[in-house]
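The residues making up each chain are set out below.
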Amino acid sequence: MSELQQLYALRAQLVKERKGLQTTEKGHFHRPHQSIHAHRHIWTMLDVLDEEIKVIEQEIEIIIQSDDRMRENYELARSVKGVGLVIATDLLIKTGNFEQIDTARKASSYAGVCPFPQSSGKMVAKSKTSPFADKKLKSLFFMGAKSAVQHNKEYQLYFRKKMLKGKPYYLIMNNISNKLLRTIYSVVKNKTPYKQDYICLDPRERNNKNSFSEKVA
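**Observations regarding the environment of Tyr110**
No. 1: Position of Tyr110 among the secondary structure elements: in helix α5 (residues 104–111).
No. 2: Between the C-alpha atoms of Tyr110 and Ala133, which are 23 residues apart in sequence, the distance is 5.1 Å.
No. 3: Those residues in contact with Tyr110, other than ones at most four positions away along the chain, are Lys94, Ile101, Ala133, Asp134 and Leu137.

Right under this line is the structure:
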């Protein structure tokens, strides 16, 4: 876990440096006088960073695959649409392989995607997420939620339904982030990969179905 943390931190640092160089390159592009040599050096460094990030990601995969329990939880988490290497690895590290933060409720609070009610006596205000949440993890889940809305029919329908009701965009995406995190904990707890075509029946329908089966039997 210690080696995984260090490699993951190094990857994050290199990604940050790559983003800084990309921003610099965009700034140079809009200048009236541009240096050909500066462009060449920037693109050389970007290629080097891309290669190093790729190698580090491969080493992260090797470390995760070397531990049976970690590998199982990692693959279960990645089975959920919208969850890639970065989110799954970040969760493994920050939740202690889903053992230190062992429930979806705790994880939602830690990631800042679970709003808390703000009330005192007769005064009731808008629910807000905790200001002490892990902002990095929250940002990752926001990106994961965007990916899930694009590639997962369940989340697409949820997003459109809430938009039609006039809900604010960031509120919807926060709810989807919460839903995504709870789905990850569900598949990890049940040791069952996520299935996009799985239909969760209403408990009343399930009870009616069971009672019908008993009558037939």
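Following the structure, the description resumes.
**Quick word on helix α6 (residues 135–151)**
No. 1: The end-to-end C-alpha distance of α6, which contains 17 residues, comes to 24 Å, matching closely the 24 Å that a straight helix rising 1.5 Å per residue would cover.
No. 2: Listed in full, the buried residues belonging to α6 are Leu137, Leu140, Phe141, Gly144, Ala145, Ala148 and Val149.
No. 3: With a side-chain oxygen lying 3.1 Å from the backbone nitrogen of Lys136, the N-terminal cap of α6 falls on Asp134.

**With respect to the pattern of salt bridges**
No. 1: For the coordinates displayed, the defined rule picks out 10 salt bridges.
No. 2: For Lys94, the salt bridge identified is with Asp90, shortest N-O distance 3.1 Å. On the criterion of helical spacing, the pair formed by Lys94 and Asp90 is a turn pair, its members being four residues apart in helix α4 (residues 85–94).
No. 3: With a relative accessible area of 1%, Asp90 lands in the buried category.
No. 4: Note that Lys179 is salt-bridged to Glu154, the shortest N-O span being 3.2 Å. Taken together, the residues span a long stretch of sequence, with Lys179 in helix α8 (residues 169–190) and Glu154 in helix α7 (residues 153–164) at a distance of 25 residues.
No. 5: Each of the salt bridges in this network shares a partner with another, and the network as a whole consists of Asp90, Lys94 and Asp134.

**Looking at the packing of α7 against α8**
Axes are the key here: two packed helices are described by the angle between their axes and the distance separating the axes.
No. 1: Across the interface, α7 lies against α8 with an axial gap of 10 Å and an inter-helix angle of 150 degrees. As judged from the angle between their axes, α7 and α8 are roughly antiparallel. In this structure, α7 crosses over α8, and the sense of that crossing is right-handed. On α8, the residues that touch Glu154, Tyr155, Tyr158, Phe159, Lys162 and Met163 of α7 are Tyr169, Ile172, Met173, Asn175, Ile176, Lys179, Leu180 and Thr183.
No. 2: Per-class residue counts for the contact of α7 with α8 are nine nonpolar, two polar and three charged.

**Quick notes on the nonpolar core**
No. 1: Ranked by internal contacts, the top residues of the largest apolar core, which has 46 residues, are Leu91, Phe141, Ile176, Leu181 and Ile184.
No. 2: Sorting the residues of this core by element identifies α1 (2–29), α2 (36–65), α3 (68–78), α4, α5, α6, α7 and α8 as the ones contributing at least two each.
No. 3: Per element, the largest residue contribution to this core is nine residues, and it comes from α8.
No. 4: Beyond its immediate stretch of four places on either side in the chain, Leu181 contacts Leu91, Ala107, Ser108, Ala111, Val113 and Phe141.

**Things to note about the side chain of Ser177**
No. 1: Here Ser177 is to be found in helix α8.
No. 2: Ignoring any residue separated from it by four or fewer positions in sequence, one finds Ser177 in contact with Val113, Phe141, Phe142 and Ala145.

**Here's the deal with the packing of aromatic side chains**
No. 1: Scanning all chains against the criterion turns up five aromatic pairs.
No. 2: For the pair Phe142 and Tyr169, a centre-to-centre distance of 6.5 Å together with 80 degrees between the ring planes defines the contact as edge-to-face. Of the two residues, Phe142 sits in helix α6 while Tyr169 sits in helix α8, which places them 27 residues apart along the sequence.
No. 3: For Tyr169, a relative accessible area of 33% corresponds to the partly exposed category.

**Section: unusual backbone geometry**
No. 1: The phi dihedral of Asn97 falls on the positive side, at around 60 degrees, and the residue is not glycine.
No. 2: Residue placement: Asn97 occurs in the loop between α4 and α5.
No. 3: Positive phi outside glycine occurs at Phe98, with the angle close to 65 degrees.
No. 4: Given the relative accessible area of 8%, Phe98 is considered buried.

Each value, and the rule that gives it
Residues numbered from 1 in each chain as written. Predicted model: local features only at pLDDT ≥ 70, side-chain atom pairs only at ≥ 80, totals over all residues. Heavy atoms only, no water. Helix = DSSP H or I, 4+ residues; strand = E, 2+ residues; numbered from the N terminus. Contact = heavy atoms within 4.5 Å. Expected span 1.5 Å × (residues − 1). Buried < 20%, exposed > 50% of the residue type's maximum accessible area, 1.4 Å probe, protein only. Polar contact = N/O pair within 3.5 Å; in protein donor to acceptor, adjacent residues only side chain to side chain. Salt bridge = Lys/Arg side-chain N within 4 Å of Asp/Glu carboxyl O. Axes fitted to C-alpha atoms, helices over the stretch in contact; angles between N-to-C directions. Parallel < 35°, antiparallel > 145°, perpendicular 65-115°, else oblique. Left-handed = near helix turned anticlockwise from the far one by under 90°. Nonpolar A, V, L, I, M, F, W, Y, C, P; charged D, E, K, R; others polar. Core = buried A, V, L, I, M, F, W, Y, C linked by side-chain atoms within 4.5 Å. Phe/Tyr/Trp six-rings, centres within 6.5 Å; stacked < 30°, edge-to-face > 60°.

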